[in-house]
Amino acid sequence: MQTEELRLDGNAAGGVLRELFVQDMTAALGTCAGCGATGPVATLLEYGHGMGIVLRCPTCDTPVLRIVRTTGLLRVDLSGIRFLSIPSTIDE
Amino acid sequence: MADKPFIARGFHGRRAAAPPGRLPPGQYETRDFPVLSAGPTPHTSLTAWDFTIRGADDASPSVRWSWDELQALPHETPTVDIHCVTKWSKFDTKWEGVSVDTLLDAARAAGVANGAFVLAYCDGGYTTNLPLADVTGGKAWVAFGYDGAPLAPEHGGPARLLVPHLYFWKSAKWVRGLTLLPNDEPGFWEQLGYHDRGDPWREQRYRGDP
Amino acid sequence: MNEAIGESVATPPRLEWQVASVVSVTQETPRARTLVLAVPRWAGHRAGQHVDLRLVAEDGYQAQRSYSIASAPADGMVALTVERLDDGEVSPYLCDVVQPGDGVELRGPIGGYFVWEPAQRGPLFLVAGGSGIVPLMAMLRQRGRADVAARAQVPVRLLYSARTLDDVIYRAELEQLADASQAEVVLTLTRQAPPGWSGYHRRVDRTMLEAVSWPSSDEPNVYVCGPTSLVESVATLLVELGHAASRVRTERFGPTG
């Protein structure tokens, strides 16, 4: 089996991200704290099936978002995201 | 709903029965070798590869082995059961590597500052922390062979840590060295709530588990 | 939060696990099966979205996967098409064990990036690998429900890579779309091709993409879904061919099943 085949993307994290955010986050634009690249959360590369979710920057591989579910807690490390812009669903 | 999951009729997963006493609690046996990675597979050439043991203090000396120097050390061929925290266990896996005792003896002789904990560090940025007592006394190896062949990159080749009596995330893939630390310092998964020790027989999956 | 603002916010409902019941099952190919589900609380979905599906065994063992929705939003039901992966543990259950009347836990719909809306004008270019056809089928079905004038605004082409002709999911429906000139459908078979097969018989490559896709100057909206290796090579090639990366939307499927 090729390891590369185990790489998914931020689309797959859409469900768990809705436990953190009211709105869909896959279309949100995230800026990597490592290299400054900006792109949709859906295009981040997802690793770490089973133990937790690790979303890495497709440009520099920095882990921008890490999520682990432990007993009674959802633990989230957002330190790799410098900035998020979230498409608004507010009617104005 | 989230508190009381719905039982799916006739769902058992792909778990097989295993001999009693051999599976830690909550584990099931697999005959595959599942690949779990927290990042892309690094490809470090053997000429660029080395393994270093260093102290926490910058003033401490360090010891370094090139690939050839590591290969020249006495090899051991442990056959062990491995247990992944994602609940699969695999029996009788056959490895080839150098005992961590051998490396730590050399480090002590070279005057590397001792510590009660180690932090393994790896190509790709992965880290994991272990008590020193769990990588000494014939319990841990730097492994570069699996099942009679060089360790494949997806399983951590050229070399990984092998600490089979702890959950397998402690057996860091693509390992490049150990830092000896006076105090425990959480690694990649431990920062996110995984257990600092990770004994499968005590089900030490998450921080706070007994 | 300010209450006045709170009332004007179209807040999506909290995403909760719920038990959906299986209404019907249809074998699509020897390895793929469609489950039609009745979902008690369903606010509707957009073409391209998926659901998370969770199976819990008697002893508490759990397995969770994501599956794309195959039905169009207006179809009034939720259909998932699942490809059976032999060494998987969720897809064999869904393909072999589940019967009408059974329940499965799911949450959804999920996703706001890999979605297509009829309001997006311009050509629609879809590239599928294997069961990556599923979310793209929802787009084709949604477009098929639009009126003639709206469809004329969105010419659509599908490039679909499958192992063999028998592995082509929704084959009859795709043939109908092509026969009715509703969509251009191009198949490529990566393993066995039937005798007399005149279509492509290789993996998707640069030459094939150049021949099948609209030129980048036509600014097609591109959706690529399939195994990671296919998605990454196709997306890279399309960008090399001049398509703006922002118009090439991708979704990778995993092998864990």
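Residues numbered from 1 in each chain as written. Chains lettered and ligands numbered in written order. Predicted model: local features only at pLDDT ≥ 70, side-chain atom pairs only at ≥ 80, totals over all residues.

### A word on the overall build of chain C
Here is the rule: Helix numbers and strand numbers start at the N terminus; a helix is a DSSP run of H or I with at least 4 residues, a strand a run of E with at least 2. Using C-alpha atoms as the atom set, the radius of gyration is obtained and then compared with a globule rule of 2.2 Å times the number of residues to the power 0.38. Backbone-placed C-beta atoms define the burial measure: a residue is buried with 20 or more other C-beta atoms within 10 Å of its own, exposed with 12 or fewer, and partly exposed in between.
Counting its secondary structure elements, chain C contains seven helices and 11 strands. Against the globule reference of 18 Å for 257 residues, chain C gives a C-alpha radius of gyration of 19 Å, in line with a compact fold. Across its three principal axes, chain C shows a C-alpha extent of roughly 50 × 50 × 30 Å. Buried positions account for 44% of the 257 residues belonging to chain C.

### Remarks on the overall build of chain B
The test is simple: C-beta atoms are first placed from the backbone for all residues, and any pair lying within 7 Å is then listed as a contact.
The number of helices and strands found in chain B is two helices and 11 strands. Traced from its N-terminal end to its C-terminal end, chain B shows the element sequence β-β-β-α-β-β-α-β-β-β-β-β-β. Taking 210 residues into account, the globule formula puts the C-alpha radius of gyration at 17 Å, and chain B, at 18 Å, falls close to it. Residues classed as buried in chain B amount to 38% of the 210 residues present. Considering only residue pairs separated by 6 or more positions, chain B has 63% of its internal contacts joining residues 24 or more positions apart.

### Some points on the confidence of the model for chain C
Residues and elements named next belong to chain C. Stated precisely, the cut-off is as follows: Each residue carries a pLDDT score, the predictor's own confidence in it, on a scale running from 0 to 100.
With 94% of its residues at a pLDDT of 70 or more, chain C has an overall mean of 92. Contacts from residues 1-11, a stretch scored under 50 in pLDDT, to residues over four places away or in other chains number seven contacts. Scoring of the predicted complex yields 0.92 for pTM and 0.92 for ipTM.

### Overview of the sheet that holds strand β9 (residues 184-189) of chain C
Residues and elements named next belong to chain C. Going by this rule: Here, strands pair whenever DSSP counts at least two bridges between them. In this analysis an axis means a line fitted to C-alpha atoms, helices contributing only their contacting stretch, and an angle means the value between N-to-C directions, from 0 to 180 degrees.
In spatial order, the strands read β9-β8-β7-β10-β11; together these five strands make up an open sheet with parallel pairing. Strand pairing shows two members of the sheet lacking a second neighbour, β9 and β11 (248-253), which therefore form its edges. On average, each strand axis in the sheet is tilted by 10 degrees relative to the strand beside it, whichever way the strands run. Across six bridges, strand β8 (residues 156-162) lies against β9 in parallel orientation. Bridging across to β9, leucine 159 finds its partner in valine 186.

### A word on the sheet that holds strand β2 (residues 29-32) of chain A
Residues and elements named next belong to chain A. Spatially, three strands are ordered β3-β2-β8 in an open sheet, and the strand pairing comes out antiparallel. In this open sheet, the two strands that pair with only one neighbour each are β3 (38-40) and β8 (81-85). Each strand of the sheet is rotated relative to its neighbour by a mean of 25 degrees, with strand direction disregarded. In this sheet, β8 lies alongside β2 in antiparallel orientation, the contact comprising four bridges. Looking at β8, one finds that threonine 31 is bridged to phenylalanine 83.

### Topic: the interface of chain B and chain A
Applied cut-off: When residues are sorted by character, Ala, Val, Leu, Ile, Met, Phe, Trp, Tyr, Cys and Pro go into the nonpolar class, Asp, Glu, Lys and Arg into the charged class, and all the rest, Gly among them, into the polar class.
On the chain A side, the residues contacting the 17 residues of chain B number 19 residues. Considering only residue class, the side of chain B that touches chain A consists of 10 nonpolar, six polar and one charged.

### Here we look at the environment of glycine 137 of chain B
All names here are of chain B. As for its placement among the helices and strands, glycine 137 is situated in the loop between β7 (127-131) and β8 (141-146). Residue glycine 137 is classed as exposed on the basis of its C-beta count, with 11 C-beta atoms lying within 10 Å. C-alpha of glycine 137 to C-alpha of serine 99: the two residues are 38 residues apart in sequence and 9.2 Å apart in space.

### Some remarks on the nonpolar core
Put simply, the rule reads: Definition of nonpolar core: a set of buried Ala, Val, Leu, Ile, Met, Phe, Trp, Tyr and Cys residues joined via C-beta atoms within 7 Å.
Ala120 and Val142 of chain B together with Leu80, Leu126, Leu136 and Val234 of chain C are the most contacted members of the largest nonpolar core, which totals 141 residues. For this core, the leading source of residues is helix α3 (residues 133-144) of chain C, giving seven residues.

### With respect to the pairing of strand β6 (residues 103-110) of chain C
Residues and elements named next belong to chain C. With seven of its eight residues buried, β6 lies for the most part within the structure. The pairing of strand β1 (residues 18-29) with β6 spans four bridges and is classified as antiparallel. By the bridge assignment for β6, valine 19 is matched with glutamate 105. Both strand β3 (residues 50-56) and β6 contribute to a ladder of four bridges, which runs antiparallel. Counted as the bridge partner of aspartate 52 is arginine 107 from β6.

### Re α3 of chain C
All names here are of chain C. Defined as follows: Multiply 1.5 Å by the residue count of a helix minus one, and that product is the helix's expected span.
In a regular helix each residue adds 1.5 Å, so 12 residues correspond to 16 Å; α3 covers 16 Å between its end C-alpha atoms and thus fits that length. Within α3, 11 of the 12 residues are buried, which leaves the element mostly enclosed by the surrounding structure. All of the buried residues in α3 are Ile133, Val134, Pro135, Leu136, Met137, Ala138, Met139, Leu140, Arg141, Gln142 and Arg143.

### Focus on the environment of proline 182 of chain B
Residue and element names in this part refer to chain B. Residue position: proline 182 is located in the segment after β11 (175-181). For the pair formed by proline 182 and leucine 132, sequence separation is 50 residues and the distance between their alpha carbons is 9.9 Å. Not counting residues within four places of it along the chain, the set of residues in contact with proline 182 comprises Ala56, Gly115 and Ala116.

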